[in-house]
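Topology and contacts: notes
The lines below spell out each chain.
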Amino acid sequence: MTKKYRHLLFDLDGTLTDPMEGITRSVQYALRHFGIEVSDLRELCPFIGPPFAESFRTFYGFDDRQTSEAVAVSREYFTEKGIFENRLYDGMDELLDTLASNGYTLCVATSKPRVFAERILDHFGIARYFSFVGGTGLDGSLPTKADVIAHVLAGSNITDRGTALMIGDRKYDILGAKTIGIDSAGWSISLFIAHRRRLYSPRMQTVQPTHANRTAHVWRLYVTQLWAINLTPFKADY
């Protein structure tokens, strides 16, 4: 039985926009501060999606002091340059306009600090489509995707969780939604690097691009029909 979703929560990085250059250059800048040189930006693509603090700990074994310093240094670059080394996916503006015109409530739920997310949405002229933007705080508040999703639901006064759908490209979107108790849609992406793979459960329906420069026309075939999804178990291998 197909559920009737009314509230769509979109991830930002890798879902609405391609932030590869800006994020990886910000991380490269921070690592250079520690004497670590990474020349191939593709090696830093796993930083796209989760909070920077988590990634510096996971991928480079930074302790708390190093992690805090790395996040601060990366933000120096990102705030001035990296935030706009980004692009809106082809056709996304048209997709959002179609969804909003058909009565869906659109929100953003991102692990990026909210202040950065709002600047990006404004930069690309799509802020008008979203009734609520939820993200992490610069002070470290709302550290997990589940925290962000719960914040968006509360801030949007969405009490019937059966009407909400989280749409994203990373395992954090799927698992965060599962933790909070809402459905989610996985957007399978082949754009960033060949070795970044997704392995989805057969019970999980995914949107799969037919070419590297995916367009929102593919989205429209699926999202505007808003199918029912059960997302356990989920596995991702990067």
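This text follows the structure it describes.
So, a few notes on the structure that sits alongside this text. (Residues numbered from 1 in each chain as written. Predicted model: local features only at pLDDT ≥ 70, side-chain atom pairs only at ≥ 80, totals over all residues. Heavy atoms only, no water.)

All right, on to the pairing of strand 6 (residues 164-168) then. Of all the 5 residues making up strand 6, 5 are buried; the element is thus mostly covered by neighbouring parts of the structure. Burial along strand 6 is two-sided: Ala 164, Met 166 and Gly 168 facing one way and Leu 165 and Ile 167 facing the other are all buried. As paired strands, strand 6 and strand 7 (residues 183-187) are joined by 4 bridges and run parallel to one another. Residue pairing across strands places Met 166 opposite Ser 184, the latter belonging to strand 7. With helix 7 (residues 171-180) bridging strand 6 and its parallel neighbour strand 7, the resulting β-α-β unit is right-handed. (Buried < 20%, exposed > 50% of the residue type's maximum accessible area, 1.4 Å probe, protein only. Helix = DSSP H or I, 4+ residues; strand = E, 2+ residues; numbered from the N terminus. Pairing = 2+ DSSP bridges. Right-handed = clockwise from strand over helix to strand, strands pointing away.)

A few words on the packing of helix 3 (residues 64-80) against helix 5 (residues 114-123). Packing of helix 3 against helix 5 brings their axes to within 12 Å, and their N-to-C directions diverge by 20°. With respect to their mutual orientation, helix 3 and helix 5 come out roughly parallel. The hand of the helix 3/helix 5 crossing is left-handed. Only Phe 116, Arg 119 and Ile 120 of helix 5 make contact with helix 3, whose side of the interface consists of Arg 75, Phe 78 and Thr 79. Counted by class, the contact of helix 3 with helix 5 contains 3 nonpolar, 1 polar and 2 charged residues. (Axes fitted to C-alpha atoms, helices over the stretch in contact; angles between N-to-C directions. Parallel < 35°, antiparallel > 145°, perpendicular 65-115°, else oblique. Left-handed = near helix turned anticlockwise from the far one by under 90°. Contact = heavy atoms within 4.5 Å. Nonpolar A, V, L, I, M, F, W, Y, C, P; charged D, E, K, R; others polar.)

Another point: the pattern of salt bridges. Applying the stated rule across the entire model yields 12 salt bridges. Asp 40 is paired through a salt bridge with Arg 42; the nearest N and O atoms lie 3.1 Å apart. For Glu 118, the salt bridge is made with Arg 114, and the minimal N-O distance between the two is 3.0 Å. Of this pair, Glu 118 and Arg 114 are both found in helix 5, 4 residues apart, which corresponds to roughly one turn of the helix. Judged by relative accessible area, Glu 118 falls into the partly exposed class, the value being 30%. Taking relative accessible area as the criterion, Arg 114 reaches 36% and is therefore assigned partly exposed. One connected set of salt bridges, linked through shared partners, spans Asp 11, Lys 145 and Asp 173. (Salt bridge = Lys/Arg side-chain N within 4 Å of Asp/Glu carboxyl O.)

One can find His 33 in helix 1 (residues 20-33). The partly exposed category is assigned to His 33, whose relative accessible area is 42%. Sequence-wise, His 33 and Glu 69 are 36 residues apart; in three dimensions their C-alpha atoms are separated by 9.4 Å. Excluding residues within four positions of it along the chain, His 33 makes contact with Glu 69 and Val 73.

The backbone of Leu 142 shows a phi angle near 55°, a positive value even though the residue is not glycine. The phi angle at Asn 157 is positive, at roughly 55°, despite the residue not being glycine. Within the secondary structure layout, Asn 157 lies in the loop between helix 6 (145-155) and strand 6.

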